[in-house]
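Below, each chain spelled out in residue letters.
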Amino acid sequence: MRQAPPLGNKKSEYGHGFECVNIDKQPGLEHPLLKNHIIQFFNREPNGPLGLRVQDKKCPSGRIPVPRRSISLKKGLKDGPYFYTMIRKVGHFLGTKGISTVAYPTVGHDGQFYRCKLWITGPEGTNQSSIQIGWEVFPKKYGDDMPHFFTFLTTDSYRTICYHMECTGYIQVSRIIVPSMIIYQSESAGSQFNIEISIQKERQTGNWWVRVGDEYVGYWPKGVLPNVDFAQNITWGCEDSEAYVPTMFDNGHSPHEGLELNFNNPLP
């Protein structure tokens, strides 16, 4: 995958760590298969980012937030093994969706991480593709202990991987929500904040869309994922770099504390 070019360090209208750029000048369009790509929008107007509490900022009309380059995942990632709690369905799907309470796991700063996500994989083969979205706490990657919204893509059975907008091919359309942004976390026996996320294929265009609440955040064009006419596997769950993984339904806390994860709902 082709790496996106780095951005500057000045503060933008969206805040530190992001640059507001013209939507037709975003890094994703530098993918060689998107030379003449016309940016598309989902075929209905979103009502707003329901199910997620974020900062009260957005880029001006015609511009989108682009995260500045973060540490390389391969440099920041702790060597395995990794531990999972998950549920998987096999079939013929056009997406999936789910709701997760954003928790606050304690994570070390030596390459450890914790993430909850949903993901889809295309038909098996030497170049199997996978899309993943969710939230993660990854101090060495982001430089803080906060949960961040993330997206992930591989198109060659994990030989190369790409997070957020660090590689070309992903097209951002939302002015409000962007991969790598900080999202609010829940408090034990206190305020609860959910993230409602989905991966959805648009039948008319073949684009694979990322949605948070009712906000269509961005998409991978059909040309970037030519071998994914449908999702063969859909999976929901959590991943930890340590030996203990809280169950995906109670997150290691008693029910009265909240912190519930509820990933489900395949889209046929």
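Heads up: these notes are all about the structure in this document. Everything quoted here is computed from the prediction, not taken from an experiment. (Residues numbered from 1 in each chain as written. Predicted model: local features only at pLDDT ≥ 70, side-chain atom pairs only at ≥ 80, totals over all residues. Heavy atoms only, no water.)

A few points about the overall build of the protein
Looking only at helices and strands, the protein features 2 helices and 14 strands. With the model as given, the accessible surface of the protein reaches about 12300 Å², and the carbon-plus-sulfur share is 50%. (Helix = DSSP H or I, 4+ residues; strand = E, 2+ residues; numbered from the N terminus. Areas by Shrake-Rupley, 256 points an atom, 1.4 Å probe, with all protein chains shown as cover.)

Description of the nonpolar core
Note that soluble globular proteins tend to have their nonpolar side chains buried in a common cluster. If you look at the biggest cluster of nonpolar residues, it comprises 49 residues, and the most contacted ones within it are I131, W135, F149, I195, W208 and W220. F113, Y142, F150 and F152 belong to the second-largest nonpolar core, a separate cluster that totals 6 residues. (Core = buried A, V, L, I, M, F, W, Y, C linked by side-chain atoms within 4.5 Å. Buried < 20%, exposed > 50% of the residue type's maximum accessible area, 1.4 Å probe, protein only.)

What to know about unusual backbone geometry
Excluding glycine, residues mostly carry a negative phi; peptide bonds, for their part, are mostly trans. Within the chain, S157 stands out as a residue other than glycine whose phi angle is a positive 60°. Position of S157 relative to the elements: it lies in the loop between β7 (148–154) and β8 (162–163). The phi torsion at S180 lies on the positive side, around 90°, for a residue other than glycine. Counting through the fold element by element, S180 comes out in the loop between β9 (171–172) and β10 (194–201).

Here we look at the packing of aromatic side chains
Considering all chains together, one arrives at 8 aromatic pairs under this definition. Centre to centre, the rings of F113 and F138 are 5.6 Å apart; their planes meet at 40°, and the pair counts as tilted. Of this pair, F113 sits in the loop between β4 (95–101) and β5 (114–121) while F138 sits in the loop between β6 (130–137) and α2 (139–142), and the two are 25 residues apart along the sequence. Comparing F113 with F138 shows no difference in burial state: the two are buried. The rings of F150, F152, Y158 and Y163 are connected pair by pair, giving a single aromatic cluster. Over the face of the ring belonging to F150 we find R115, whose NZ or CZ atom lies 5.7 Å from the ring centre. Between K117 and the ring centre of W119, over which it is positioned, the NZ or CZ distance is 4.4 Å. (Phe/Tyr/Trp six-rings, centres within 6.5 Å; stacked < 30°, edge-to-face > 60°. Lys NZ or Arg CZ within 6 Å of the ring centre and 35° of its normal.)

Topic: the sheet that holds β5
The strand order across the open sheet formed by 6 strands is β3-β13-β5-β6-β7-β8, and the pairing between neighbours is antiparallel. In the strand order of this sheet, the two ends are held by β3 (83–93) and β8, each with one partner. Alignment of β6 against β7, held across 7 bridges, turns out to be antiparallel. Among the inter-strand pairings, Q132 is bridged to a residue of β7, identified as F152. (Pairing = 2+ DSSP bridges.)

Considering the side chain of E215
Position of E215 relative to the elements: it lies in strand β12 (residues 215–220). Here E215 occupies a buried position and makes no salt bridge, while the nearest side chain of opposite charge, R175, is found at 7.2 Å. In terms of polar contacts, E215 uses its side chain to reach the side chain of S174, at 2.7 Å. (Lys, Arg positive; Asp, Glu negative; His and termini not counted. Salt bridge = Lys/Arg side-chain N within 4 Å of Asp/Glu carboxyl O. Polar contact = N/O pair within 3.5 Å; in protein donor to acceptor, adjacent residues only side chain to side chain.)

Description of the state of the cysteines
Inspection of every chain in the model, using the stated rule, returns 2 disulfides. There is a disulfide in this structure between C116 and C238, and the S-S distance comes to 2.2 Å. On the S-S bond that ties C116 to C238, the torsion sits near 95°, and the link is right-handed. Separated by 122 residues along the polypeptide, C116 in strand β5 and C238 in strand β13 (residues 231–240) bring together distant segments of the chain. In terms of burial, C116 and C238 fall into one category: buried. Here the disulfide map of the protein reads 1-2, 3-4, the bonded cysteines being numbered as they appear in the sequence. (Disulfide = S-S within 2.5 Å.)

Quick notes on the pattern of salt bridges
Summed over all chains, the structure comprises 4 salt bridges. For K141, the salt bridge goes to E166, with nearest N and O atoms at 3.3 Å. Here E166 lies in the loop between β8 and β9 and K141 lies in helix α2, a separation of 25 residues in the sequence. Take K141 and E166: they sit in the same class, and that class is buried. Here the salt bridges do not stand alone but share partners, grouping R115, K117, E136 and E239 into one network.

What about the pairing of strand β2 (residues 63–67)?
Within β2, 4 of the 5 residues are buried, leaving the element largely enclosed by the surrounding structure. Of the pairings in the sheet, the one linking strand β1 (residues 18–22) to β2 comprises 5 bridges and is antiparallel in character. Bridged to C20 within β2 is P65.

From the geometry alone we can't say anything about function, so treat these as descriptive.
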